[in-house]
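# Structural description and commentary
One letter stands for each residue in the lines below.
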Amino acid sequence: MAALDYYKVNCPVQTPFKCGNKSIEDKIVGTLPYELLLLRRCHTYEIKYNGVTVGYYMVGLKQFDLDQFPEPIEDHVVNNFKDLYTLHIEYIAVGTSYQRKGIGSSVLKKIIRDTEKISEILPLRLITMDALKEYVEWYQQFHFKSCGEESDNSAVELMYLDLVPNSDIQKLEMLYQ
C-alpha cells in the first residue's frame, strides 16, 4: 500500500461520505468540522490514498477527572492535579469500500506516534476515545484499555492509551516507598 496523505479540513465538507455509521457520517459532511476548526476545539483530517478520499478522523483535547480511570492512573494524584487533558479521538472513519485494508490501523498508528511526539513538549498523558463496542477488541490490539461503558451512551466504551512509560511509573512509585 502506498503512503496515506493527511489534510486538515479547512472548509465545509460537501462531498457525501459513507463509512457505515450514520452518526459519524453526519459529523463529517457539512459545516461542523469547519466550525470546530475555527473555534480551535477539534481538528478534522481528510485521509487520501492515491489522491482519493478514503476517510476522515477528528481529534481534540478533552478534560477528565482522574477518578474516571482505573489504577495506576487514578492512583497518582499530585497536589491539586486531580484532572487531566487528553488527546481525544472523536472518530476514525474509513469509507466502506476501503475498509479492511489496513487504513484504520495506519491512521491510529499515526495518531499515536504524533501524540507521543507532542507529549514530549506538552503535558498529554493519555489518548482517549469513546469506542463503539464492536471495535473495543480492535483498539485493544493497539494497547488501549477500557474504562467501561459511557454513562450517557451504552453503545460505546471509554478507552484510553497511557503515554507514560512503565519505567516512569516505577520511578514514581519508588519515590513513595
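Figured I'd write up the structure that's included with this text.

### A short note on a nonpolar patch on the surface
On the surface, a cluster of nonpolar side chains totalling about 310 Å² of accessible area is made up of Ile118, Ile121 and Leu122. By the element assignment, Leu122 lies in the loop between helix H3 (103–119) and strand S5 (126–132).

### Let's talk about the packing of aromatic side chains
Per the counting criterion, the structure on display carries 6 aromatic pairs. Look at Phe17 and Tyr56: their rings are 5.0 Å apart centre to centre, the planes differ by 90°, and that puts the pair in the edge-to-face class. Remark: Tyr56 occurs in strand S3 (residues 52–65) and Phe17 occurs in the loop between strand S1 (4–8) and helix H1 (22–28); sequence separation between them is 39 residues. There is no split in this pair, since Phe17 and Tyr56 are both buried. Taking 4.9 Å as the distance between ring centres and 70° as the angle between the ring planes, the aromatic pair formed by Trp138 and Tyr139 counts as edge-to-face. The class of Trp138 is partly exposed, set by a relative accessible area of 25%. Put simply, the rings of Trp138, Tyr139, Phe142 and Phe144 pair up and form one aromatic cluster.

### Observations regarding the pattern of salt bridges
Pairing between side chains of opposite charge can happen when the charged atoms of each approach one another. Scanning all chains against the criterion turns up 5 salt bridges. Measuring nitrogen to oxygen at the nearest pair gives 2.9 Å for the salt bridge that ties Arg125 to Asp162. Placement of the pair is Arg125 in the loop between H3 and S5 and Asp162 in strand S7 (residues 153–162), with a sequence separation of 37 residues. Classification of Asp162 as partly exposed rests on a relative accessible area of 23%.

Cut-offs and rules
- Residues numbered from 1 in each chain as written.
- Predicted model: local features only at pLDDT ≥ 70, side-chain atom pairs only at ≥ 80, totals over all residues.
- Heavy atoms only, no water.
- Patch = residues over 30% accessible without salt bridge, like charges linked within 9 Å, V, L, I, M, F, W, Y side chains within 5 Å.
- Areas by Shrake-Rupley, 256 points an atom, 1.4 Å probe, with all protein chains shown as cover.
- Salt bridge = Lys/Arg side-chain N within 4 Å of Asp/Glu carboxyl O.
- Helix = DSSP H or I, 4+ residues; strand = E, 2+ residues; numbered from the N terminus.
- Phe/Tyr/Trp six-rings, centres within 6.5 Å; stacked < 30°, edge-to-face > 60°.
- Buried < 20%, exposed > 50% of the residue type's maximum accessible area, 1.4 Å probe, protein only.

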